[in-house]
Amino acid sequence: MILARRTSMYMILIALATLFISPFGWLVITALKNTSELAAYPLHWTPDKWQWSNFSRALTQIPYLAYARNSLTIAVIYSVLVTLSSAWAGFGFARLRARGKGFLFGVLLSTMMMPAMITLIPTYIIFAKTGMVDTYWPWVLWGLSGAPYLIFLFRQFFANMPRELEEAAIIDGCGYGRIFWRIFLPQSWPVLATSLVLSFTWTWGDYIAPSLLLSADHTTLAVAVATEYVTPSTGAPINNLLAAGAVMYIIPVLLLFLVLQKGFVTGSSTSGLK
Amino acid sequence: MTRRGFLTTSAGVAAAATGGGLLSGCAGSVSSDKSGGKSGAKAAVTIMSNGTELGEPAAIKAAEKALGLKLTILKYDLTRLTAMLTAGSPPDIVRGQGAVDAPYLAAHGVAQDLDDYFAKSSILKVGDLDPINDVWRYDGTTQGKGPRYGMAKDYSQDNMIWYNTGLFDQAGVENPSDTVPMTYDEVFEKGKALTRTGKKAKVYGLSFAGNTANFLTMIASQGGQLFTDDFSAVDFSSPEGIKALTWYLKLAKAGITPSIANPDPNGWDWPTFQANRMAMATDGYWFGGMVATDKKSAETARFAPAPQFGSTRVSSCSGATGYWMPKAGKNKDAAWAAYEYFLGGAPAKARAESGGGLPALKSLRPLLPQTEAYQKQAYAVQERELPHFSVISFTPYARLDALDAVVNQVMPAAIKGDLAVGKLADQLNSGINKQLANGKKLVK
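Remember, it's a predicted structure, so these values are computed and weren't measured experimentally. (Residues numbered from 1 in each chain as written. Chains lettered and ligands numbered in written order. Predicted model: local features only at pLDDT ≥ 70, side-chain atom pairs only at ≥ 80, totals over all residues. Heavy atoms only, no water.)

1. Let's talk about the overall build of chain B
Scanning chain B for helices and strands turns up 17 helices and 12 strands. The principal-axis extent of the C-alpha atoms belonging to chain B is close to 85 × 55 × 50 Å. A total of 444 residues make up chain B; the buried ones form 56% of that total. Sequence-distant contacts in chain B: of pairs separated by 6 or more residues, those separated by 24 or more amount to 77%. Summing over all exposed atoms, chain B offers an accessible surface of approximately 18100 Å²; the carbon and sulfur share of this is 53%. Here chain B carries 47 positive and 41 negative side-chain charges, and the mean point of each set is 7 Å from the other. (Helix = DSSP H or I, 4+ residues; strand = E, 2+ residues; numbered from the N terminus. Buried < 20%, exposed > 50% of the residue type's maximum accessible area, 1.4 Å probe, protein only. Contact = heavy atoms within 4.5 Å. Areas by Shrake-Rupley, 256 points an atom, 1.4 Å probe, with all protein chains shown as cover. Lys, Arg positive; Asp, Glu negative; His and termini not counted. Charge placed at Lys NZ, Arg CZ, Asp CG, Glu CD.)

2. Regarding the pattern of salt bridges
Residues and elements named next belong to chain B. Tallying each qualifying case throughout the model produces 14 salt bridges over all chains. The partner of Lys70 in a salt bridge is Glu64, with the nearest N and O atoms 3.6 Å apart. Exposure remark for Lys70: the relative accessible area of 8% places this residue in the buried category. For Glu64, a relative accessible area of 6% translates into the label buried. Residues Asp401 and Arg399 are paired through a salt bridge, measuring 3.3 Å at the closest nitrogen-oxygen approach. (Salt bridge = Lys/Arg side-chain N within 4 Å of Asp/Glu carboxyl O.)

3. Some words on the sheet that holds strand S9 (residues 280-282) of chain B
Consider a sheet: its strands pair through backbone hydrogen bonds, and that pairing is either parallel or antiparallel. All names here are of chain B. The strand order S9-S8-S10 describes an open sheet built from 3 strands, whose pairing is antiparallel. Bordering the open sheet on either side are S9 and strand S10 (301-304), each of which pairs with just one other strand. In this sheet, adjacent strand axes meet at a mean angle of 25° when their direction is disregarded. With 4 bridges joining them, strand S8 (residues 161-164) and S10 adopt antiparallel strand pairing. Looking at S10, one finds that Tyr163 is bridged to Arg302. Each of S8 and S10 touches helix H15 (residues 373-385); the most contacted strand, S10, lies at about 5° to it. (Pairing = 2+ DSSP bridges. Axes fitted to C-alpha atoms, helices over the stretch in contact; angles between N-to-C directions.)

4. Some details on the environment of A:Met11
Relative to the helices and strands, A:Met11 resides in helix H1 (residues 2-31). Distance in space between the C-alpha atoms of A:Met11 and A:Leu120 is 45 Å, their sequence separation being 109 residues.

5. Some thoughts on the interface of chain B and chain A
As a measure of interface size, the accessible area lost when the parts come together is often cited. If you look at the interface, chain B gives 54 residues, while chain A gives 57 residues. Across the chain B/chain A interface, buried area totals approximately 4500 Å², and carbon plus sulfur atoms make up 64% of it. Seen at the junction of chain B and chain A, the total is 0 salt bridges. Viewed at the interface, chain A and chain B are joined by 7 residue pairs in polar contact (both at pLDDT 80 or more). (Buried area = accessible area lost by both parts, 1.4 Å probe. Polar contact = N/O pair within 3.5 Å; in protein donor to acceptor, adjacent residues only side chain to side chain.)

6. Regarding the packing of aromatic side chains
Residue and element names in this part refer to chain B. Per the stated rule, a full pass over the model turns up 44 aromatic pairs over all chains. Ring centres of Phe208 and Trp247 lie 5.2 Å apart, and the angle between their planes is 80°; on these two criteria the pair is classed as edge-to-face. Pair noted here: Phe208 is in the loop between helix H7 (184-194) and helix H8 (212-221) and Trp247 is in helix H9 (residues 239-253), with a separation of 39 residues, a long-range link. When sorted by exposure, Phe208 lands in the same class as Trp247, which is buried. (Phe/Tyr/Trp six-rings, centres within 6.5 Å; stacked < 30°, edge-to-face > 60°.)

7. Notes on H15(B)
Since the α-helix packs 3.6 residues into each turn, any two residues three or four apart lie on the same face. Its 13 residues place the ends of H15(B) 19 Å apart at the C-alpha level, agreeing with the 18 Å of an ideal helix rising 1.5 Å per residue. Summarising the contacts, the buried residues of H15(B) are in contact with S8, helix H11 (288-291), helix H12 (295-300), S10 and strand S12 (358-359) of chain B. (Expected span 1.5 Å × (residues − 1).)

8. Quick look at a nonpolar patch on the surface
Residue and element names in this part refer to chain A. Among the surface-exposed residues, Leu72, Val76, Val80, Leu84 and Trp181 lie close enough to one another that they form a single nonpolar patch of about 420 Å² accessible area. No other element matches helix H4 (residues 64-95), which puts 4 residues into the nonpolar patch. Considering the arrangement of structural elements, one finds Val80 in helix H4. (Patch = residues over 30% accessible without salt bridge, like charges linked within 9 Å, V, L, I, M, F, W, Y side chains within 5 Å.)

9. Some details on helix H13 (residues 332-344) of chain B
All names here are of chain B. With 13 residues, H13 ought to run about 18 Å at 1.5 Å a step, and its terminal C-alpha atoms sit 17 Å apart, in line with that. Where burial is concerned, most of H13 is hidden: 10 out of the 13 residues are buried. Among the residues of H13, Ala334, Ala335, Trp336, Ala338, Tyr339, Glu340, Tyr341, Phe342, Leu343 and Gly344 are the ones counted as buried.

10. Let's talk about the sheet that holds strand S6 (residues 150-152) of chain B
Residues and elements named next belong to chain B. With mixed pairing, the 5 strands of this open sheet are ordered in space as S2-S1-S3-S11-S6. In this open sheet, the two strands that pair with only one neighbour each are strand S2 (69-75) and S6. Adjacent strand axes in the sheet meet at a mean angle of 25° when their direction is disregarded. Relative to strand S3 (residues 93-97), strand S1 (residues 43-49) runs parallel, the two sharing 2 bridges. Within S3, the position partnered with Met48 by the bridge is Val94.

11. Notes on the packing of helix H5 (residues 101-110) of chain A against helix H8 (residues 148-159) of chain A
Residues and elements named next belong to chain A. Here H5 crosses H8 at 135°, and the two axes come no closer than 8 Å. Regarding the angle of H5 to H8, the classification is oblique. In this structure, H5 crosses over H8, and the sense of that crossing is left-handed. Contact residues: H5 offers Phe105, Leu108 and Leu109, while H8 offers Pro148, Ile151, Phe152 and Arg155. Split into classes, the residues belonging to the contact of H5 with H8 amount to 6 nonpolar, no polar and 1 charged. (Parallel < 35°, antiparallel > 145°, perpendicular 65-115°, else oblique. Left-handed = near helix turned anticlockwise from the far one by under 90°. Nonpolar A, V, L, I, M, F, W, Y, C, P; charged D, E, K, R; others polar.)

12. Considering the confidence of the model for chain B
Residues and elements named next belong to chain B. Summary statistics for chain B give a mean pLDDT of 90 and a share of 91% for residues scoring 70 or more. A low-confidence stretch, residues 33-39 stays under pLDDT 50, and its non-local contacts, those more than four residues away or across chains, total 6 contacts. For this predicted complex, the interface score ipTM comes out at 0.75, while the overall pTM is 0.83. (pLDDT = per-residue confidence, 0-100.)

13. As for unusual backbone geometry
The linkage connecting A:Tyr41 with the following residue, A:Pro42, adopts the cis geometry, with an omega of 0°. The topology assignment puts A:Pro42 in the loop between helix H2 (35-38) and helix H3 (53-61). Unlike most non-glycine residues, B:Ala320 shows phi in positive territory, near 55°. Within the fold, B:Ala320 resides in the loop between S10 and strand S11 (321-324).

14. Some words on the environment of A:Arg163
Residues and elements named next belong to chain A. Within the fold, Arg163 resides in helix H9 (residues 163-171). Arg163 gets classed as partly exposed once you look at its relative accessible area, which sits at 41%. Sequence-wise, Arg163 and Thr111 are 52 residues apart; in three dimensions their C-alpha atoms are separated by 29 Å.

15. Observations concerning the side chain of B:Ser121
Residues and elements named next belong to chain B. Along the chain, Ser121 turns up in the loop between helix H5 (115-120) and strand S4 (137-138). Within the structure, the side chain of Ser121 is placed 3.1 Å from the backbone nitrogen of Ile123, a separation counted as a polar contact. A distance of 2.9 Å separates the side chain of Ser121 from the backbone nitrogen of Leu124, its partner in a polar contact. When near neighbours in sequence (up to four residues on either side) are disregarded, Ser121 contacts Trp336 and Glu340.

16. What about the pairing of S2(B)?
All names here are of chain B. Burial analysis of S2 places 7 of its 7 residues in the buried class, which makes it a mostly covered element. Alternating residues of S2 divide into Leu69, Leu71, Ile73 and Lys75 and Lys70, Thr72 and Leu74, and every residue in both groups is buried. As paired elements, S1 and S2 share 7 bridges and run parallel to each other. Bridge pairing links Ala43 to Leu69 in S2. Each parallel crossover has a hand, and for S1 linked through helix H2 (residues 57-67) to S2 it is right-handed. (Right-handed = clockwise from strand over helix to strand, strands pointing away.)

As structure tokens, this is what we get:
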């Protein structure tokens, strides 16, 4: 009975996993077809001849690695800065007393409800007036200003740490800066991993900000993959190369997740979000 | 550190990092330019374009060298363009579709009148401009007259038809004539005979978009007009409008064409045409640029005149994609030099030779490809079609996207059979006229 129940449970899980992974699987298959097979009917589930060269063509059709470098630079700048600034702010909200702290935290959380599209044009105008368009400074500033969700995550994690830890440090002569750097931050690696994965993924996958703020020569892989696999004469999309480019585009995020997944899972489950 | 110290340090770190240059904020270039986009005393021109339609990065570098200018290419993005115009720092040159954008841009006062530049130019001579460039003219009431606000990079007469002779032979259907346009009823009958459904072969007889631009042409062909005289409203309920909608609904309901209710999974015509699954594709001359990429398709692809709906032979262009210069641009003389280069220089010649569209300068027409059999046939058909081009005026009060959004919202119910033609026309009138009324308030 137990075996039957467990078997049926696994069958359902396998079916769901297959369902969710199928779009990616289809992307990979598309990346391995030639152009005439893409629209064939009846559908070709697998390519007649596997076009592995599509991946090398995708790398050379556009300056793929240069765009990847741009994406990586922005994602690293933003994810490191936003993780540190959010941890810093989260620590303040969790451990320090200040007048209006609760109200400020409420305001901070309410900004999560605001769609980013609303602030898009004013944001552009600010960066244009300050000469930051077509530079990476916006990502530096966004990183330094923290992210509401990550501040919330850190605040919940730090709030759950025992008060005795902080009191013992103060008795030993520690100030709040050292308490944060030497005691709380090293303890919070699961949230740090979560924050790094999330913020890296946000930036790596962001299409709107780079397309708004960067020129074609300085833009990121997200924009380039979506727009540059086209025939020069007609501007028509080259779907199999686009799919190959998209498959390779996913790899860094997958690798980051695989490396940090233990911390990511622990961080999500131990930061008061249970 | 005290509590106060912690808070002070927080603010200090942010300020120091921002002001002190903890990190280099310079964007990395993907081209070989190591200056990071700061090339000394060179004047800079910013162009908002699409993909590589003005050239690959190497071609842009060659243009910089030829012009002695620093060129920055931005991806065309309406949100970014709006933001740039609002910030008072627009690009110097912007992509646009003359046939539907010119009245809107001129009426809203954002586009520069280029007459003086054209008058002085030795590259873009007014006498050499193809008549298509008239869609970029607007005198405040009529499109096709008045100052020039832009110029096409290339164009096509968009209701012409590419067809697959192999599929016509298989179905035993006679090929369209090279000289006499089909009627829309003939197109329907041929499309129906060519359509194949079933497990083994699914072939669309025809592709026909059923959008605002198509209806505009179909109504004009009957001697009617979609817009009122002042362009502040549309009338799909006119006899001409009802006839056009009825024909399209019959086509879409029969599954002869992909439609908004039953879209082609490939998203556009070429992959389906290339896979021998589309017998007729309503696409202009530019589609020949795609045919050139596939030898098998080149053997069977042929070109036909635009079909005729009413008594008037109308073969319009609903794109005329080209470039305009914002009135608020800061660097107009340098921008004009780049404008001349891309629309009349080496890149324009390369575009003409590719066959990806008809050149917007008469002098470039002999460069169109005529090597392959299909290219010779398409060229001959296209030459005979040119005299039937005319400008069909578009409204200055809304963008085409806004009108098509209403069509796409209302049309599926009609295609699926829930909405009668009369009611469809009423809903189109109501939705589009609301857009136009709102738009009119914004034009002084």
